[in-house]
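Structural description and commentary
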Amino acid sequence: MTKTLLPAGCYDLLPPYARQESELSSALLAVFESFGYEQVSPPLLEYSDSLLAGRGAALTSQIFRVMDPGAHRVMGIRADITLQIARIAENRLSHAARPLRLCYNGLILRMQGEALKDDRQLRQAGIELIGAASSDADAEVILVAAEALKKAGITQLSIDLNLPGIVGSLLASEKLDNEQAQKLFAAIAHKDVSTLKSLSFGYRDTLIGLMQCAGPAKEALAAIERLDLPESARSQCRDLQEVVSILTKCGSKNWTLTIDATENRNFAYHSDISFSIFVPGAACEVGRGGRYRIEADGHEEEATGFTLYVETLRGLLSEPKRGKRVFVAEGISSNAADKLRAEGYLVIYALSEYGHGVDEAKRLGCEFMYENGKVKEIK
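A few points on the structure. Keep in mind the model is a prediction, meaning the values are calculated, not measured.

A separate point is the overall build of the protein. Within the protein, the regular secondary structure consists of 13 helices and 16 strands. Projecting the C-alpha coordinates of the protein onto the three principal axes gives extents of approximately 85 × 55 × 45 Å. Burial status across the protein gives 48% buried among its 379 residues. In the protein, the proportion of contacts linking residues at least 24 apart, taken out of those at least 6 apart, comes to 64%.

Below is the structure:
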């Protein structure tokens, strides 16, 4: 048999794991819907100028492109669903009352994997809360994410809160050339304090202070309060304080809240309070989200949401069990078969070319046989 080779980062999902992932996705969507989020399903393929419009430009390097032979336009395979939901909200659902609550579940494909997660084929399930700009909206999406993870059996959470826009607030009055800017942002991404100390700009010591006070939320907020911040940055920190207050009041003792204000990796289009969720047993985050702005026809709208990575969550679940399989070696009425299925059995019919005996039943993984109108356990 010829051995097939799949592209790097892509995979087949076999039994019983495909069923497990499907059931997990359904369970997550059920939680989202219980909070009033309505499901939408955007296409896997769109014209690239639509996928990359506005803040979608941040994902340019992740989009696979193909040519539409009919329209003679370049199409792109989605690398993220959030911005598709933003498009739907601003076009198809522009008339809908705000705040607009939408949820989704679907596959994405990326040009490259990430440092701790090299899959390029990913399943995302998440929500978007559109038309709300308050701290309680930011807290709501985190609480919904936590409830969805609880449904999946995960209660120990570490929620890392970030302010991707705060560095821009500190550098707003600076005039940096491309080389300086690249050096500075690389130093921030790698927490390289020594390189930052070698640079000269107005809020350098404040930026270093923000990096060094990363840690448990309560202590980090106290340290941030003592820093010299411009009002635009101070306002973001006040919003963060409110979100932490809500989560502390409404959350669980099994949660750990941390703050790393300057962390902005993997928040390509986020502009304000953002977060990543980590759980025991997973090397990378199981979900991330935060606030962003939707821009369409000169109109700007605030939104926040999150994405959970279903395949990462599936890897944390216990080994899926196959259902009770009953081997039907003789004729059976449709009513009797329906009754067996209603009782939780998986009905496997014998095929003449393979045989009807106990050995065949065992080969097919059946624990029971249906004979003479009765189900008998195979010894």
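Turning to the side chain of Asp260, a few remarks are in order. Its place among the elements puts Asp260 in the loop between strand E9 (255–259) and strand E10 (274–278). Looking at Asp260, its side chain comes within polar contact range of the side chain of Lys191, at 3.0 Å. Residues in contact with Asp260, not counting those within four places in the same chain, are Asp160, Leu161, Asn162, Leu163, Lys191 and Ala214.

Our focus in this paragraph is the pattern of salt bridges. A complete count under the given rule lists 21 salt bridges for this structure. Notably, a salt bridge pairs Glu263 with Lys191, separated by 3.6 Å at the nearest N-O pair. Of this pair, Glu263 sits in the loop between E9 and E10 while Lys191 sits in the loop between helix H6 (178–189) and helix H7 (193–197), and the two are 72 residues apart along the sequence. Across the salt bridge formed by Glu343 and Lys339, the nearest N and O atoms sit 2.6 Å from each other. For Glu343, a relative accessible area of 39% translates into the label partly exposed. Here the residues in one salt-bridge network are Asp138, Arg291, Arg293, Glu300 and Glu302, joined through shared partners.

Once that is clear, we can look at the sheet that holds strand E4 (residues 73–77). Spatially, three strands are ordered E2-E4-E3 in an open sheet, and the strand pairing comes out antiparallel. Lying at the two open borders of the sheet, with one neighbouring strand each, are strand E2 (45–47) and strand E3 (64–68). Taken over all neighbouring pairs, the strand axes of this sheet differ in orientation by 35 degrees on average, direction set aside. Taken together, the five bridges between E3 and E4 define a ladder with antiparallel strand orientation. By the bridge assignment, Val66 is partnered in E4 with Met75.

Time to look at the state of the cysteines. Within the structure shown, the criterion is met by zero disulfides. Here Cys10 is not cross-linked by a disulfide; its sulfur's nearest cysteine counterpart is in Cys284, at 17 Å. Relative accessible area serves as the criterion here: at 22%, Cys10 is assigned to the partly exposed category. Not part of a disulfide, Cys237 finds its nearest cysteine sulfur in Cys213, a span of 8.4 Å. Residue Cys237 is classed as buried on the basis of its relative accessible area of 7%.

Before going further, it helps to spend a moment on the packing of helix H9 (residues 217–225) against helix H10 (residues 231–250). Contact pair H9 / H10: the axes reach a minimum separation of 11 Å and the direction vectors enclose 155 degrees. For the element pair H9 / H10, the angle class is roughly antiparallel. Considering the relative orientation of H9 and H10, their crossing is left-handed. From H9, Ala217, Leu221, Ile224 and Glu225 reach across to H10, where they touch Arg234, Cys237, Leu240, Gln241 and Val244. A per-class count over the contact of H9 with H10 returns six nonpolar, one polar and two charged.

This part takes up the sheet that holds strand E15 (residues 368–371). Hydrogen bonds between backbone groups are what pair the strands of a sheet, and the pairing can be parallel or antiparallel. Pairing within the open sheet is mixed, and its four strands lie in the order E14-E13-E15-E16. Two strands lie at the open edges of the sheet, namely strand E14 (345–349) and strand E16 (374–377), each paired on one side alone. This sheet shows a mean twist of 35 degrees between the axes of neighbouring strands, independent of strand direction. In the sheet, E15 pairs with E16 via four bridges, with the strands oriented antiparallel. By the bridge assignment, Glu371 is partnered in E16 with Lys374. Strands in contact with helix H12 (residues 334–342) are strand E13 (324–328), E14, E15 and E16; relative to E14, the strand with the most contacts, it is inclined by about 140 degrees.

Attention now moves to the environment of Ala58. Looking at the secondary structure, you find Ala58 in the loop between helix H2 (48–51) and E3. Of the residues examined, Ala58 reaches a relative accessible area of 40% and is grouped as partly exposed. Remark: the alpha-carbon pair of Ala58 and Tyr269, spanning 211 residues in sequence, is separated by 6.4 Å.

Criteria and cut-off values
- Residues numbered from 1 in each chain as written.
- Predicted model: local features only at pLDDT ≥ 70, side-chain atom pairs only at ≥ 80, totals over all residues.
- Heavy atoms only, no water.
- Helix = DSSP H or I, 4+ residues; strand = E, 2+ residues; numbered from the N terminus.
- Buried < 20%, exposed > 50% of the residue type's maximum accessible area, 1.4 Å probe, protein only.
- Contact = heavy atoms within 4.5 Å.
- Polar contact = N/O pair within 3.5 Å; in protein donor to acceptor, adjacent residues only side chain to side chain.
- Salt bridge = Lys/Arg side-chain N within 4 Å of Asp/Glu carboxyl O.
- Pairing = 2+ DSSP bridges.
- Axes fitted to C-alpha atoms, helices over the stretch in contact; angles between N-to-C directions.
- Disulfide = S-S within 2.5 Å.
- Parallel < 35°, antiparallel > 145°, perpendicular 65-115°, else oblique.
- Left-handed = near helix turned anticlockwise from the far one by under 90°.
- Nonpolar A, V, L, I, M, F, W, Y, C, P; charged D, E, K, R; others polar.

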